[in-house]
Every structure is written in C-alpha cells, then in structure tokens.
Amino acid sequence: MPPDALDTLRQVNADLRSALIRLRPERTHCSTIRAQDLSDLLSQLVRAAESLRRPPAQSQRAAAFQKESLEYLRHLEKLKQFLPDLQGRLLAEKSRLETARTHAAAAAAWARASEKTL
C-alpha cells in the first residue's frame, strides 16, 4: 500500500529539514555538495507537490496535513533565501577549478617543453 499524502509530506519535511542543515551556506563548502544532493532535493519537491494535490479527507488527518503543509512552506522559504547564494558560490568554485585546470595544463606543457630542451 503506497503511503498516503500526510505520511509522504511528513517524510518530505524530514528530508528537507536534513537537507537544509547539510546545505546551509555557512556550514558547507561547495566542494562537498554533490549533484545528487540537488537531484534529491528536486525529487523531494516533486513528491511534496504530488502530496499537496491529494490532501486527506478525514478531519483529524486534515489538520495534521495542514500543519505539515505549513512546515513545508517554511522549508521552501528557507530554500528561496539561500539557493541564490549557493548558486553564486558554486559558480565561483567552478571558476576557481577552471583556473586551476588551466594552470595545471600550462605547467604540464612547460614541463614537456623543458624535457625536450634538456
């Protein structure tokens, strides 16, 4: 039996809470963030969207669902606040890596040229 919308939203919120801690800009160096982390984040957002389309009908579960929905919205607000900074840091890291790669290639070319002259 597949999980209902409330259970799914609870799991998504737990996963988002964990991701927000793991990806927090002040704690994370860009080099520790993997593409899979961002892919997992997107998967959680898709799961939540599907759950929000099918809220439970029972009043007790509907109240709990409303609470989880509000928590989900708070997580989205936190993501909205730090994702632009994360993107900027990732672009800076990409630039740094490209510069290092270019430097390493130039050093290798110099070493090969020096080998030939010796």
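Values in this document were obtained by computation on a predicted structure and should not be read as measured data.

Observations concerning helix 3 (residues 59–117)
For an α-helix, the turn length of 3.6 residues means that residues three or four places apart are oriented alike. In a regular helix each residue adds 1.5 Å, so 59 residues correspond to 87 Å; helix 3 covers 83 Å between its end C-alpha atoms and thus fits that length. Within helix 3, the axis deviates most sharply at F82, by approximately 35°, and proline P84 lies no more than four positions further along. Listed in full, the buried residues belonging to helix 3 are F65, E68, S69, E71, Y72, H75, L79, F82, L86, R89, E93 and S114. Contact partners of the buried residues in helix 3: helix 1 (5–22) and helix 2 (35–52).

Structural notes on the packing of helix 1 against helix 2
Here helix 1 crosses helix 2 at 150°, and the two axes come no closer than 9 Å. By the angle between their directions, the pair helix 1 and helix 2 is classed as roughly antiparallel. Note that helix 1 runs across helix 2; the crossing there is left-handed. Residues A5, T8, L9, Q11, V12, D15, L16, A19 and R22 of helix 1 lie in contact with helix 2, whose contacting residues are D37, L41, Q44, L45, R47, A48, S51 and L52. Along the lines of polarity and charge, the residues of the contact of helix 1 with helix 2 split into nine nonpolar, four polar and four charged.

What counts as what
Residues numbered from 1 in each chain as written. Predicted model: local features only at pLDDT ≥ 70, side-chain atom pairs only at ≥ 80, totals over all residues. Heavy atoms only, no water. Helix = DSSP H or I, 4+ residues; strand = E, 2+ residues; numbered from the N terminus. Expected span 1.5 Å × (residues − 1). Bend = angle between axes of the 7 residues up to and from the residue. Buried < 20%, exposed > 50% of the residue type's maximum accessible area, 1.4 Å probe, protein only. Contact = heavy atoms within 4.5 Å. Axes fitted to C-alpha atoms, helices over the stretch in contact; angles between N-to-C directions. Parallel < 35°, antiparallel > 145°, perpendicular 65-115°, else oblique. Left-handed = near helix turned anticlockwise from the far one by under 90°. Nonpolar A, V, L, I, M, F, W, Y, C, P; charged D, E, K, R; others polar.

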